[in-house]
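A structural walkthrough
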Number of protein chains: 2
Amino acid sequence: MWSAGVTLLSGGLDSTTVTTHALTKVDQLTALTFNYGHTHSKEVTCAQKIAKMLGIQHKLIDISFLADIAWYSSLTNPTRFTTPKARTEQEINSGVPITYVPLRNTMFITIAGAYLESQLLYAIEAEGYDSKEISGHIFLAPNAIDYSGYPDCRPEYYDKMRESLCYGSKLWTQYKVPMNIETPIIHLSKAQIVEMAIDLNVPLHHTWSCYQGNDIPCGLCDSCILRAKGFLEAGFQDPLLARPITG
Amino acid sequence: MWSAGVTLLSGGLDSTTVTTHALTKVDQLTALTFNYGHTHSKEVTCAQKIAKMLGIQHKLIDISFLADIAWYSSLTNPTRFTTPKARTEQEINSGVPITYVPLRNTMFITIAGAYLESQLLYAIEAEGYDSKEISGHIFLAPNAIDYSGYPDCRPEYYDKMRESLCYGSKLWTQYKVPMNIETPIIHLSKAQIVEMAIDLNVPLHHTWSCYQGNDIPCGLCDSCILRAKGFLEAGFQDPLLARPITG
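Below is a short write-up of the structure. For clarity, every value in this text was computed on a predicted model and none was experimentally measured.

The rules behind the values
Residues numbered from 1 in each chain as written. Chains lettered and ligands numbered in written order. Predicted model: local features only at pLDDT ≥ 70, side-chain atom pairs only at ≥ 80, totals over all residues. Pairing = 2+ DSSP bridges. Helix = DSSP H or I, 4+ residues; strand = E, 2+ residues; numbered from the N terminus. Axes fitted to C-alpha atoms, helices over the stretch in contact; angles between N-to-C directions. Contact = placed C-beta atoms within 7 Å. Parallel < 35°, antiparallel > 145°, perpendicular 65-115°, else oblique. Left-handed = near helix turned anticlockwise from the far one by under 90°. Nonpolar A, V, L, I, M, F, W, Y, C, P; charged D, E, K, R; others polar. Least-squares fit on C-alpha atoms with pLDDT ≥ 70 in both. Buried ≥ 20, exposed ≤ 12 C-beta atoms within 10 Å, placed from the backbone.

Some details on the sheet that holds strand β4 (residues 134-139) of chain B
Residue and element names in this part refer to chain B. Judged by pairing direction, the sheet is parallel, and its five strands sit side by side in the order β3-β2-β1-β4-β5 without closing on themselves. Bordering the open sheet on either side are β3 (57-62) and β5 (179-182), each of which pairs with just one other strand. Sheet twist, expressed as the mean angle between neighbouring strand axes with direction ignored, is 25°. Against the sheet, helix α1 (residues 13-23) engages β1 (2-8), β2 (28-35) and β4, with an angle of about 170° to β1.

If you want it as structure tokens, here you go:
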């Protein structure tokens, strides 16, 4: 058996943990990072550093059209929405947040699938692999516990995505090779993700989770609050927040 | 009831016919054209002209990353494949052609869906429309008769796509508004499409179907052959090929 994987690496805690996990699961792994002019493009630099540290192929994909297409979101068009303020855990868990970007995950998975399908078709048609002896996997880091408000963080959505990727591909219709969608942390709490990251030796000090792009995490956005809670409950110090004592 | 639509307009005979049809079906229509450095970028100019003639909003979307991502295709990477030669109708209908671009239609539909979802969320959340009184539609021009080799031209694929768009969207999970996928010519022969186009007064002389980007259609590629066959069987002269007699 030979397996190829594509992992969606944003540079945050979750996707870096999933990417490190994916490295142990497939023979050939490529990380994709999307650049769409969001407010925290700092993640891109982190993703590049992380891919280099892990020694995997990395592609930065410019999808700047997203702000014009998926325009109804505070993430793609911050000026259309009020400044985010600190929200309670209850508020975070009720309804779909204003940071929701229409069909963003569907787009990310489809782009990952197109790259994966290209690799697998090439393996079959140009390199002579037996289609019964290869497999394809898309790794990503949705989470159903802490972000239950997002529609694209529910397991049933990924079942539907897998089917539409298969039905729309030559890989499945002609060779019966599916593109599997792997969501290894979907049922984990943030504390469990931190524990998994530590077990896997994830380079945590290079990850960036904050929605803002400042030098230090804002500590107020949904993402900062959930990350802090995760480290607290797991009983670990977040290396990103560890500062040398001066003066 | 208020309805919004997004139509995928490549500038070819099929998509122009579907777009003209869509104009009669929804209250607000936007045409999207994708630019991905394919060999027949001439279509883009045709699409812009056609949208202007039909008086609809038009967006040109740069997805030039496609050649790098969906790289295993003669359309995105012509140098990787041998020069296309004229193929018989039987050859066209057997297997998936080398012009197949991995998951291209899935990507196009997802981008259309992201724009449609933005419009409908705005209608509900900012303009106060009742979610029970609005509908959303994505129009596109796949065809199951002449292009049976393409996996993304089969009706069952669109059933799966509709489900994954719904399950991955706030529009469906929160408001129960689906994004419908409309494929009005999927069961028509090319001759029937030509007849439909003539009935709808489609500006046929501005459409461009050829895979090559020359001044006149090559007459040899799959697309030229099927278009010629359609006009012949429908008993009409293709206005694109009508040349003034000189000399």
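Remarks on the packing of helix α6 (residues 155-167) of chain A against helix α6 (residues 155-167) of chain B
In the contact formed by α6 of chain A and α6 of chain B, the axes pass within 8 Å of each other and the chain directions differ by 150°. Compared by their axis directions, α6 of chain A and α6 of chain B come out roughly antiparallel. In terms of crossing hand, the pair formed by α6 of chain A and α6 of chain B is left-handed. Two secondary-structure elements touch here, α6 of chain A through Glu156, Tyr157, Lys160, Met161, Glu163, Ser164 and Tyr167 of chain A and α6 of chain B through Glu156, Tyr157, Lys160, Met161, Glu163, Ser164 and Tyr167 of chain B. Of the residues that constitute the contact of α6 of chain A with α6 of chain B, the class distribution is six nonpolar, two polar and six charged.

Considering the interface of chain B and chain A
The interface of chain B with chain A comprises 39 residues on the first partner and 39 residues on the second. Elements represented by at least two residues in the side of chain B that touches chain A include exactly β3, α5 (104-125), α6 and α7 (170-175) of chain B. Looking at the side of chain B that touches chain A element by element, the count peaks at 12 residues for α5 of chain B. Among the residues making up the side of chain B that touches chain A, the classes are represented as 22 nonpolar, 10 polar and seven charged.

Notes on the sheet that holds strand β2 (residues 28-35) of chain A
Residues and elements named next belong to chain A. One open sheet accounts for five strands, arranged β3-β2-β1-β4-β5; its pairing is parallel. Whereas interior strands pair on both sides, the edge strands pair on one side only; in this sheet they are β3 (57-62) and β5 (179-182). Each strand of the sheet is rotated relative to its neighbour by a mean of 25°, with strand direction disregarded. Strand direction decides the pairing type here: strand β1 (residues 2-8) and strand β4 (residues 134-139), joined by six bridges, are parallel. Each bridged residue has a counterpart across the sheet, and for Gly5 the counterpart in β4 is His137. Packed onto the sheet, helix α1 (residues 13-23) meets β1, β2 and β4 and runs at close to 170° relative to β1. Taken strand by strand, helix α2 (residues 42-54) contacts β2 and β3, and its axis lies near 165° from that of β2.

Focus on the relation of the copies chain B and chain A
The relation between the two copies of this chain is a rotation about an axis and a shift parallel to it. Once turned by 180° and shifted 0.0 Å along the axis, chain B lies on chain A with an RMSD of 0.0 Å. Here the symmetry operator amounts to a two-fold rotation axis. Here 100% of the contact residues of chain B are again contact residues in chain A; the copies associate through an equivalent surface.

What about the packing of α1 of chain A against helix α8 (residues 190-199) of chain A?
Packed helix pairs are characterised by how far apart their axes lie and by the angle those axes make with each other. All names here are of chain A. Running from N to C, α1 and α8 point in directions that differ by 45°, and their axes come no closer than 10 Å. By the criterion of interaxial angle, the relationship of α1 to α8 is oblique. As α1 packs across α8, the resulting crossing turns out to be left-handed. Residues Leu13, Asp14 and Thr17 of α1 form the contact with α8, whose own contacting residues are Ile193, Met196 and Ala197. In terms of residue class, the contact of α1 with α8 is made up of four nonpolar, one polar and one charged.

Considering the environment of Ala123 of chain B
Residues and elements named next belong to chain B. On the secondary structure map, Ala123 appears in helix α5. What makes Ala123 buried here is the crowd of 21 C-beta atoms within 10 Å. Residues contacting Ala123, with those up to four places away along its chain left out, are Tyr129 and Ile134.

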